[in-house]
Amino acid sequence: MDSQILLAIILLPLMGSFITGTLSFFERTEESPKAKSLRSGLIASMAIGLAFVISLYQFYLLSQTQFVSGPVFLKWNLGEWLAFGPLKFSIGLRLDHINSVMCLIITGVGFLIHLFSIGYMDHDRSASRYFSHLNLFCTAMLILVLGDSFPLIFLGWEGVGVCSYLLIGFWYQEKEKQAAALKAFILNRIGDVGFLIGMFLLYKETGSLEWGNLSGQSLSQSSAFWIGLAFFVACTGKSAQIPLFVWLPDAMSGPTPVSALIHAATMVTAGIYLLLRLQGILLLSPDLMMIIAWVAAVTSLMSATIAVTQNDIKKILAYSTVSQLGFMFVAIGVGAFSTALFHVTTHAFFKALLFLGAGSVIHACHGEQNVLKMGGLKKYLPHTYLTMLVGSLALAGIPLTSGFFSKDEILHSIIALPYGGLSLYLVMTVTAGLTAIYSVRLITLTFLGNYRGPTDAQNLPHESGPWMTIPLYVLAGLALFGGWMGAPHIFHLHHTFNAWIGQSLQILELPELGVHWNVSELIPMLISSIIAVSFFWFFAVVFRKFTQLDQWWKGSKVFIQLASSKYLVDEIYHLIIVRPIYMASKFLARVLDRDVIDRSVDASGGLVSKVGGRLRILHSGDLQDYGAMIVILLGLIASTFFL
Amino acid sequence: MNTSNTGVTEQLMISQIMLPYLLPFFILPLLGIIINFFLPKNNGKNFGLAPWIIFISLQAVMLGISAYLHFDFLPALKLTFAAGFKWNWLPSLGIYFDVGIDGLASTFLFFSSLTFLLISLFLGKWFVQEKGRVYLNSFYVVILSVNGTFLSQNLILFYLFWELVLLPILVMVAVYGHKDYRAALMKFFIFTFAGSVAMLSAFIALAVLNYQHFGFWEFDFTSLGRVMALSTPTSVFFMVAFFISFAIKGHVFPFHTWLPQLYEKSPLPVIFLITGVLFNMGAYGFLRFFPNYFLWPMTQTAWGDFFSYLGAFGVVYGAWVALAQTDARRMLAYLSVSHMGYFVMAIFAKNGFALYGSLIQTCVHGLVAVSLLAIFVPLINSETKSEASSSYLLSQWRGLAAKYPWFTTFAFISTMAALALPGTHGFAGEFSILFGSFQEKVGPTLVALVGVVLGALVLLKMFQQLFWGASSEGTSEKNMVVSFSKRYLLAAAISVILTIAIGIYPQPWFAPGQTGLLKFVNTLNLTQR
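Rules and cut-offs
- Along each chain, numbering runs from 1 in the same order as the chain's sequence is written.
- Chains carry letters and ligands carry numbers; both start at the beginning, A for chains and 1 for ligands, and go up in the order they are written.
- In view of the model being predicted, local features appear only for residues whose pLDDT reaches at least 70, and side-chain atom pairs are presented and counted only at 80 or more, with totals across whole chains, interfaces and linings using the full set of residues.
- Put simply, a residue is buried when 20 or more other C-beta atoms lie within 10 Å of its own C-beta and exposed when 12 or fewer do; between those, it is partly exposed, and each C-beta is set from the backbone.
- Counting from the N terminus, the helices are the DSSP runs of H or I reaching at least four residues and the strands are the DSSP runs of E reaching at least two.
- Here, strands pair whenever DSSP counts at least two bridges between them.
- Each residue after the first adds 1.5 Å to the expected span of a helix.
- For helices, the axis comes from a line fit to the C-alpha atoms of the stretch in contact; other axes are also lines fit to C-alpha atoms, and the angle between any two N-to-C directions lies between 0 and 180 degrees.
- Left-handed is the label given to a crossing in which the near helix is rotated counterclockwise from the far helix by less than a right angle, and right-handed is the label when the rotation is clockwise.
- Remark: residues whose backbone-derived C-beta atoms lie within 7 Å of one another are considered to be in contact.
- All amino acids are sorted into three groups, where Ala, Val, Leu, Ile, Met, Phe, Trp, Tyr, Cys and Pro are nonpolar, Asp, Glu, Lys and Arg are charged, and the leftover types, Gly among them, are polar.
- Nonpolar cores are built from buried Ala, Val, Leu, Ile, Met, Phe, Trp, Tyr and Cys residues. These are joined into a set through C-beta atoms within 7 Å.
- Boundary definitions for the domains trace back to an automatic or database domain assignment.
- Any angle between 65 and 115 degrees counts as roughly perpendicular, while under 35 counts as roughly parallel, over 145 as roughly antiparallel, and the rest as oblique.

Residues and elements named next belong to chain B. In terms of burial, strand β2 (residues 95-101) is a largely internal element, six of the seven residues being buried. Sheet analysis places strand β1 (residues 83-90) next to β2, joined by seven bridges and oriented antiparallel. Residue pairing in the sheet places N88 in a bridge with Y96 of β2. The hairpin turn running from β1 into β2, its antiparallel successor, is four residues long, and G94 in that turn takes a positive phi close to 75°.

Our focus in this paragraph is unusual backbone geometry. Cis rather than trans, the peptide bond between I242 of chain A and P243 of chain A has omega equal to 10°. If you trace the backbone, P243 of chain A turns up in the loop between α7 (221-238) and α8 (247-250). Cis peptide bonds are those with omega within 30 degrees of zero, and the linkage from F253 of chain B to P254 of chain B qualifies with 0°. As for its placement among the helices and strands, P254 of chain B is situated in the loop between α11 (232-249) and α12 (258-265). Even without being glycine, A420 of chain B reaches a positive phi, approximately 60°. Topologically, A420 of chain B is positioned in the loop between α19 (405-418) and α20 (425-440). Its 27 C-beta neighbours within 10 Å are what place A420 of chain B among the buried residues.

For the rest of this paragraph, the subject is helix α12 (residues 286-309) of chain A. End to end, α12 of chain A covers 35 Å across 24 residues, agreeing with the expected 34 Å (1.5 Å per residue, within 8%). With respect to burial, α12 of chain A is a largely interior element, 17 of its 24 residues being buried.

Looking now at the packing of α12 of chain B against helix α16 (residues 328-347) of chain B. When two helices pack together, their arrangement is given by the angle between the helix axes and by the axis-to-axis distance. Residues and elements named next belong to chain B. The N-to-C vectors of α12 and α16 enclose an angle of 145°; their axes lie 8 Å apart at closest approach. As α12 runs across α16, the sense of the crossing is right-handed. Of α16, the residues touching α12 (which contributes L259, P260, Y263 and E264) are R329, R330, A333, Y334, S336 and V337. Across the contact of α12 with α16, the residue classes tally to six nonpolar, one polar and three charged.

Residues F137, V330 and A352 of chain A are the most contacted members of the largest nonpolar core, which totals 421 residues. Ranked by residues supplied to this core, first place goes to helix α13 (residues 268-293) of chain B with 17 residues. Residue-level mapping places this core at the junction of two domains, with at least three residues from each of domain 1 (1-148) and domain 2 (149-564) of chain A.

Looking now at the environment of G195 of chain B. All names here are of chain B. With respect to the helices and strands, G195 occurs in helix α9 (residues 181-214). Looking at G195, the number of C-beta atoms within 10 Å reads 23, which means it is buried. Each residue touching G195, except ones within four places of it in the same chain, is listed here: I244, S245, I248 and K249.

Let us now look at the packing of helix α14 (residues 337-364) of chain A against helix α17 (residues 402-416) of chain A. All names here are of chain A. Put simply, α14 and α17 touch, their axes get as near as 9 Å, and they point 155° apart. What the angle tells us is that α14 and α17 run roughly antiparallel. Pair α14 / α17 crosses with left-handed handedness. Across the interface between the two elements, T339, F342, H343, T346, F349 and F350 from α14 touch S402, G403, F405, S406, K407, E409, I410 and S413 from α17. Classifying every residue of the contact of α14 with α17 gives five nonpolar, seven polar and two charged.

With that out of the way, let us pick up the environment of T435 of chain A. Residues and elements named next belong to chain A. One can find T435 in helix α18 (residues 422-447). Assessed through the 28 C-beta atoms surrounding it within 10 Å, T435 is described here as buried. With 134 residues separating them in the primary sequence, T435 and L301 have C-alpha atoms 9.5 Å apart. Among residues more than four places away in sequence, those in contact with T435 are A304, S323, L395, A396 and G397.

Structure, rendered in structure tokens:
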């Protein structure tokens, strides 16, 4: 069905970005940052809030739409972007059950983050620029999600890359933030090359670039493998998986609400969304599914171990994000596509909550990010404590929170679906245990015990204002109860989420589905519940006394040290990739270009010096001569007309 | 000797229609030079705004005519040949003042006029200073030569206009060049001279062959097609000769080494001209001759693959060498080499869409390069005799973003266009080239994709160096003073609007240029079947 209003979802934040961006040029410097933040923040929030309302309306419209046959969707054609002969790139927007959910997450969670930012940015002179970038980011993400063809998705795909570059480098005065921004952009760009190759191959094999045409394409297994692999490389960039994941932890140098928006709730989930669109191709190649699952599992385990050892509150959350993204990719790798999206949804709730909570903590502690210098904040920040506790319970997968439902469904799928297996299940269960450890460590070190920061009255932490606490409570509510939309059958409830997504996505049936009290579902659920609860409780006690695991259990020393140095991945990349590139560049410039190519071209002329000597006459440097030369030449040419 | 398919009467009719449209492209630049001769000097020192305003107005007229021809007139006519007129010159040798316009020429004409206008706006302060008159006259000659190159339908005429562009560039570098400009200028001259010799000898050889086999002298473009059909070695010989002559002017790797050196020694207006316009002339040469006349050697011999790889390596090589540069001019020169690599790859890709992409890329390259170079305009003080070379050292600058937010925005959008971000005009060309090229030749495309990453790295490092960082730290305040004029603001606004407008909806800007290229696709399909 045609729905022109789809365009408004994109245009609203774009306009917001334009208005706040223009404002930032004309603001007087003496104006208080608070007023700037409030004005631009309200404009930006209104833009994204309205987009949320429209998304809701579209969601409703979609649920009311019925087609005679085939999948249901809303669409709006925008026209031909480029066309040459028979090849046409038409672009348009298309909303089905998958991206309607994504739209709600982006605009809904985005709206809350915008509101939170009004409070968070009230000390910053560049608040208008901040809101402009934030709105632009949402625009790019919405284009990514709503685009009906891969070139348009690519516009959003690179757009979020650029916006995150701008936001990571928001405080551009500092060297390390510049470096983090550059790193994010370049690693994303490498991923983008994968996207381009995937697109080119897809067109070569199928002759179409619209995802709506993908299902039911007949492709050979090997071409499906290569197309899928190219797109998966793109996903490892955007969604921070091995080998391109190293940018995400560094990207935490932007303002904290940005981390909530970009590096938890939206941008990093773009990779999941892309693979959902490619379901028809991925399912053709079991090898590729296995690669995705195992790359993701290793990423997940590795980053979870790093998260356990970090002391920067945002770094803990960053590595936890990488780990949770790993869970989602594992779900895709074993064929549980809708479950991956379900985890995207719940993760958006609790991770946005945790990041915003961390923002509130950092705001309260005047920019301090080291959890070792916090402690006892429960007394000063009761609202933040309460909401963050909910968030970490959900992250740890404590039963009946939202994270429990989605993570449990992933673990169940790993065992039950044909693409999964026991070894994969074990890896992910260990990772789930580690999740509980780092969640509880975060909470304990930050909020419990005694305050370890500066205690003079001026620097004491203070609870944030309502702009910041209200979004926290809303997200806490979602993180706590949001999982029930995907409650498993074992609870004798209807899986609303799958029912909705299933209208647009092929859902692989779990065996024994609908059989109540089936063993394959019950046992993993029991195991993960027990692990989550017992680990959470036990390590809460441990971390009251110790700050790091190796202080409690000496045997883990080597391992902890390795993990806390992030397995030296950055250093290794620097040594084997970055430095050689720069060194080769110097070599090319100094030796090859100047001495080899230049000389040999000179020499092949052979006449250089001789001709040069003759021509020196022309360069007398006298202006009159040149004028005369031009006139004489033109005259000579003109005179030939009369021959 | 008229070999055209159309009747004589139709030809005559068209020539009468076209005369008022095409003649201004030759008359107006000459008119500008004449006016300059008669304009009085303002008390001997500054030479006032008047010549500059005339300069801009004449260009605006040319832009207007070319826009009308490009968007309205030619698409309505639906011609299969170039519409124009033909005056006798040396008819016994087959040399005519034969001028005409088709979709390809109109696309180039429109975009080069646009680029010239933007350059003139950006560089306002160079034209109104003491020696501005030399710049103005030189620019008029460049405009004349570029217009003539795009409109010529006769090889000798083409050659004359093609070579004419060198004179004003030599003059400008000689008058305003930095210390020790001679070596660089000499290299440039020798290079382009070698290219000219290659071209002229190819043209003459062509005419001789034509005479030997068909018994009459002709320098019409169509004679090329006739001679190419003679034998494969002949066509390969001519293709390589043409390649070298266009590649030198279009600074294709490995014929690019004159470029960084000349950039380093030239005043900013010359850099603008070389990157914005000379590139286009080389590219026009490729697009005019290669798809139409060298189809056989391009697609059926190994030379096609060789040149594809050459282009792809040029992309990577240019970006990679640019990474090591500390001087902004040299860096931009190598980036230009990188951009040219995409173009060459597309020409030899055997794919219509890539060819269309190459048309887009080259037209857009002028705009991209101009807006990228324009970042440096406010940073360079034109009042001093020759601009201080040190201001081009990237490390001289930092933290401009804190003081000049709108300038930063403009610079960022220009940077993004140069690294071909979707939504900017830079993307339309690069994407089409990579897309089309991949469909036929996977290897070169994969090589070129490395350049996509490297190019981004180079450009972002430049942007961060200039605009990010703390503004006060360690720099003398004097250096950090940046001044903008209203002209500059206007030009920046136009440039940003064009970037987005063409980027979002490129099709209407380039669709009129498709006619000639589509013919190539049809032939290509025939040969493949």
